[in-house]
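Each chain is listed here by its residues.
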Amino acid sequence: MALNKRPFFQPAASNQPAGPPGGHIWFTEYHSPASGITVRAEKTLFTGKSAFQEIVLLETEDYGRMLVLDGAIQTTERDEFVYHEMIVHVPLCAHPRPRRVLIVGGGDGGCVREALRHPEVERVTLVEIDGMVVELCRKFLPKIAGSLGDPRVELCIEDGVRFVKNHTRAFDVIIVDSTDPVNMASPLTRAPFFRAAKEALAPGGVYACQSQGPVFEARGMRRIARTIRKVFPDAAHYLASVPTYPGGMWSFALASKGGKRPAAASFAPSRPLPRGVKTRYYTPEIHRAAFALPRFVQEIIR
Ligand code: AG3
């Protein structure tokens, strides 16, 4: 991925309107050497390096607060609901009775927040490799990370691959909310991890992960799709529009351990959202519709 090699902060382009007095910061995530997404920020809330990655938190003008890891935009206050609702409510509503949920990655807490909205969920285990991401998100992104202190949450700062290998039939739903599949996130998209995750699921368990975008990450998406299908015969992809991710269109994979009800192949929720849960993107109609793939996406994952 070319993006990490590039400078983070670009000088304001001369054709841009003037910003607030005192200057401003332009941040670009490059999607290729020739294009990217650029946002203007009022201030840098944090920049530093953890043992695993470079972490940047920005107060942007249009997207609210933004978390950037190794140059890749992870989440923004303005559009995080799309990604977090879709990576969580699709698997949770595909499962008839999700009680134990494991989230791998997702140190910003957005997936935890959404999972806790299901009253049948008794315990959410968050396994994040980078404790510094969790600490910083609690401090700077309370709207996203605010549920991490809930008594139903078990927080483990640990390598997700190791954690999953050490658990058998322990979870009804496993959600992998990882960064792009480079460095420490790469094993999370490989067959040995998918096999371990299948073992860690209880019978009838459901698996979901982000599977990159079809516009700029077609090769990565194809590799993930082919690998997941080898391990989970019942696997399917779905899409959502995330404005701040490369290409604006993002994909997820849903798979199930089998049992009588193939969660992915049915493309349909097995239960409605619990009453009183208000979502901004997810609806039962969106659940079904998200599995309808444009032809160019079908060709990528074929
Ligand atoms: N994790 C997946 C983000 C992938 C975005 N990639 C990129 N910008 N190149 C998001 C974490 C949100 N909890």
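Just above sits the structure.
Residues numbered from 1 in each chain as written. Predicted model: local features only at pLDDT ≥ 70, side-chain atom pairs only at ≥ 80, totals over all residues. Heavy atoms only, no water.

J.: Even after reading the chapter, I still don't get a nonpolar patch on the surface, so can you show me in this structure?
T.: Judged by side-chain polarity, Val215, Phe216 and Phe296 come together as a nonpolar surface patch covering roughly 250 Å² of accessible area. Along the chain, Phe216 turns up in the loop between strand E11 (201-210) and helix H7 (218-231). (Patch = residues over 30% accessible without salt bridge, like charges linked within 9 Å, V, L, I, M, F, W, Y side chains within 5 Å. Areas by Shrake-Rupley, 256 points an atom, 1.4 Å probe, with all protein chains shown as cover. Salt bridge = Lys/Arg side-chain N within 4 Å of Asp/Glu carboxyl O. Helix = DSSP H or I, 4+ residues; strand = E, 2+ residues; numbered from the N terminus.)

J.: It is not clear to me how the environment of Arg195 should be interpreted in this structure. Could you clarify?
T.: Take Arg195: it is sitting in helix H6 (residues 191-200). Taking the relative accessible area as the measure of exposure, Arg195 reaches 49% and is therefore partly exposed. Separated by 31 residues in the primary sequence, Arg195 and Val164 place their C-alpha atoms 9.8 Å from one another. (Buried < 20%, exposed > 50% of the residue type's maximum accessible area, 1.4 Å probe, protein only.)

J.: Whenever I open this one, the environment of Glu285 confuses me. Can you help?
T.: Residue placement: Glu285 occurs in helix H8 (residues 284-289). Once the C-alpha coordinates of Glu285 and Glu54 are considered, the two residues, 231 residues apart in sequence, prove to be 38 Å apart.

J.: Please clarify how a positive patch on the surface should be interpreted in this entry.
T.: Taken together, the side chains of Arg222, Arg226, Arg229, Lys230 and Arg302 present a region of like positive charge at the surface. Considering the arrangement of structural elements, one finds Lys230 in helix H7. (Lys, Arg positive; Asp, Glu negative; His and termini not counted. Charge placed at Lys NZ, Arg CZ, Asp CG, Glu CD.)

J.: Please explain the sheet that holds strand E8 (residues 123-128) as it appears in this structure.
T.: To summarise the sheet geometry, strands pair through backbone hydrogen bonds and adopt either a parallel or an antiparallel arrangement. Taken together, seven strands build an open sheet; the order of strands is E9-E8-E7-E10-E11-E13-E12 and the sheet is mixed. Both edges of this open sheet fall to strand E9 (153-157) and strand E12 (234-241), since each of them pairs with a single strand only. Across this sheet, the average inter-strand angle for adjacent strands is 15°, counted without regard to direction. Summarising the sheet, strand E7 (residues 100-105) and strand E10 (residues 171-177) pair through five bridges and their orientation is parallel. (Pairing = 2+ DSSP bridges. Axes fitted to C-alpha atoms, helices over the stretch in contact; angles between N-to-C directions.)

J.: What's the story with the site of the ligand in this structure? I'm lost.
T.: Close to the ligand lie 14 residues, the nearest being Glu29, His84, Asp108, Asp177 and Asp180. With respect to the ligand, the side chain of Gln74 contributes an N or O atom lying 3.2 Å from a nitrogen atom. Measuring from a nitrogen atom of the ligand, one finds a side-chain N or O atom of His84 at 2.8 Å. When the ligand is considered free in solution it has 400 Å² of accessible area, and contact with the protein chains removes 99% of it. Mapped by element, the contributors of at least two residues to the shell around the ligand are strand E6 (72-76) and helix H1 (80-94). (Near = heavy atom within 4 Å. Polar contact = N/O pair within 3.5 Å; in protein donor to acceptor, adjacent residues only side chain to side chain.)

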